[in-house]
Amino acid sequence: MTVDNSIRRRGLMLILSSPSGAGKTTLTRDLLQLGHLSLSISVTTRPRRASEIEGVHYHFIEKDEFLFQRDRGDLLEWAEVHGNLYGTPRKPVEETLAGGRDMVFDVDWQGTLQILEKMRDDAVTVFILPPSLRELRTRLERRAEDSTEVINQRLVNAREEIGHWNAYDYVIVNDDLDHAFRALQSILAAERLKRLRRTGLAGFVNDLLAQEG
Ligand SMILES: Nc1ncnc2c1ncn2[C@@H]1O[C@H](COP(=O)(O)OP(=O)(O)OP(=O)(O)O)[C@@H](O)[C@H]1O
Ligand SMILES: Nc1nc2c(ncn2[C@@H]2O[C@H](COP(=O)(O)O)[C@@H](O)[C@H]2O)c(=O)[nH]1
């Protein structure tokens, strides 16, 4: 580890939003493979897709349980999206950030706004755009995880989600996946170096100034 990387800092929240099918999950999976990020695993009332694993992609819960957790204050944010309820469990977020680890979130614009209200300084928000709406449809159809009805509903909802692009710190057009992934890595690298979240910097500078030249 370099000296720069060894300086203590608070973890950051990397928040990704996009219309359904623009590539958040794919980019998140690639980021997680780098090994130095945790995933915030949401709770949802949406039925599990064939490719999804309980506790890995989501915690799939009943509506009663979701409302119970929400009313007990267990969720940092929550929203209804495409007719289902989704929420971010609060405790893992607090523990991860306090431990100096970064966390990636796949949440919609409503969730992003709630997180920004509560934890602005910890959040780095990134909106992922598709290169075109035609390509968005192609990706949802090629993914073949949702019914035609669900895909059509998501394409209708895409316009509203895209309408919130300008609430985000960064915007990436995910045309070429490698290019989008490199852009995301650059954002992460720069945000990790931000002075305000590097809690060990003052001590490092004090030690530096105490040294003989
Ligand atoms: N740059 C790209 N070029 C071509 N296909 C892509 C690209 N990025 C992602 N895909 C593909 O598009 C499909 C949708 O991507 P993904 O599931 O990551 O979207 P998402 O934004 O997470 O959608 P949702 O909000 O519905 O979960 C996947 O099959 C994925 O492999
Ligand atoms: N506000 C929140 N939005 C969430 C959360 N987890 C996922 N999402 C968003 O829901 C849609 C649909 O996701 P899908 O997995 O059903 O395709 C997408 O926009 C996600 O970003 C959450 O915890 N809070």
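The rules we used
- Residues numbered from 1 in each chain as written.
- Chains lettered and ligands numbered in written order.
- Predicted model: local features only at pLDDT ≥ 70, side-chain atom pairs only at ≥ 80, totals over all residues.
- UniProt positions renumbered as here; feature names shortened; annotations may be inferred.
- Helix = DSSP H or I, 4+ residues; strand = E, 2+ residues; numbered from the N terminus.
- Rg over C-alpha atoms; globule rule 2.2 N^0.38 Å.
- Buried ≥ 20, exposed ≤ 12 C-beta atoms within 10 Å, placed from the backbone.
- Pairing = 2+ DSSP bridges.
- Contact = placed C-beta atoms within 7 Å.
- Axes fitted to C-alpha atoms, helices over the stretch in contact; angles between N-to-C directions.
- pLDDT = per-residue confidence, 0-100.
- Near = placed C-beta within 6 Å.
- Nonpolar A, V, L, I, M, F, W, Y, C, P; charged D, E, K, R; others polar.
- Arc of directions from axis to C-beta.

The name given to the chain in an unreviewed UniProt entry is Guanylate kinase, with Pseudochelatococcus lubricantis as the source organism. According to the UniProt record, the Subcellular location (unreviewed entry) comment for the chain is "Cytoplasm".

1. Thoughts on the overall build of the chain
Counting secondary structure elements, the chain contains nine helices and nine strands. For the chain, the C-alpha radius of gyration of 19 Å lies close to 17 Å, the compact-globule estimate for 213 residues. Counting only C-alpha atoms, the chain reaches 70 × 40 × 30 Å along its principal axes. For the chain, with 213 residues in total, the buried portion stands at 26%.

2. Points about the UniProt feature "domain: Guanylate kinase-like" (unreviewed entry) in the chain
Per the UniProt annotation, the sites labelled "domain: Guanylate kinase-like" (unreviewed entry) are residues 11-189. Secondary structure content for residues 11-189 is 44% helix and 23% strand, while the C-alpha to C-alpha distance between its ends is 12 Å.

3. Re the pairing of strand β6 (residues 84-89)
Two elements, strand β3 (residues 43-44) and β6, share two bridges in a ladder whose sense is antiparallel. Looking at β6, one finds that Thr-44 is bridged to Tyr-86. Here strand β5 (residues 75-81) folds back onto β6 in antiparallel fashion, the turn holding two residues, of which His-82 has a positive phi close to 50°.

4. Some remarks on the sheet that holds β6
Sheet strands pair by backbone hydrogen bonding; their relative direction is either parallel or antiparallel. As summarised here, the arrangement of the four strands in space is β4-β3-β6-β5, forming an open sheet in which the pairing is mixed. Pairing within the sheet leaves two strands with one partner each, and these edge strands are β4 (59-60) and β5. Two strands pair when backbone bridges link them, and β3 and β4 are joined in this way by two bridges, in the parallel orientation. From the neighbouring strand, Thr-44 faces β4, where its bridge partner is Phe-60. Lying over the sheet, helix α5 (residues 109-119) contacts β5 and β6, oriented at roughly 155° with respect to β5.

5. So, the confidence of the model for the chain
Chain-level pLDDT for the chain is 95 on average; 100% of the residues reach the 70-or-more range. The ipTM for the predicted assembly is 0.98, set against a pTM of 0.95.

6. Digging into the site of ligand 2
Taken together, 16 residues are adjacent to ligand 2, and Ser-42, Ala-79, Tyr-86, Val-107 and Gly-111 come closest. Contributions of two or more residues to the shell around ligand 2 are made by β5, β6 and α5. Broken down by class, the residue content of the shell around ligand 2 amounts to four nonpolar, eight polar and four charged.

7. Focus: unusual backbone geometry
Here His-82, not a glycine, exhibits a phi torsion of approximately 50°, which is positive. On the secondary structure map, His-82 appears in the loop between β5 and β6. Residue classification places His-82 among the partly exposed positions, given that 15 C-beta atoms sit within 10 Å.

8. Topic: α5
Where α5 is concerned, the buried positions are Trp-109, Gly-111, Thr-112 and Ile-115. Angularly, the buried residues of α5 cover 150° about the axis, an arc narrow enough to put them on a single face. For α5, exposure combined with an orientation more than 90 degrees from the buried face picks out Glu-117 and Lys-118. Turning to α5, the residues buried within the fold contact β1 (13-17), β5, β6, β8 (123-129) and α7 (148-162).

9. Some details on the site of ligand 1
Residues in close proximity to ligand 1 total 14 residues, the closest being Ser-20, Gly-23, Thr-25, Thr-26 and Arg-139. Contributing elements (two or more residues each) for the shell around ligand 1: α2 (24-33) and α6 (133-143). The class makeup of the residues in the shell around ligand 1 is two nonpolar, seven polar and five charged.

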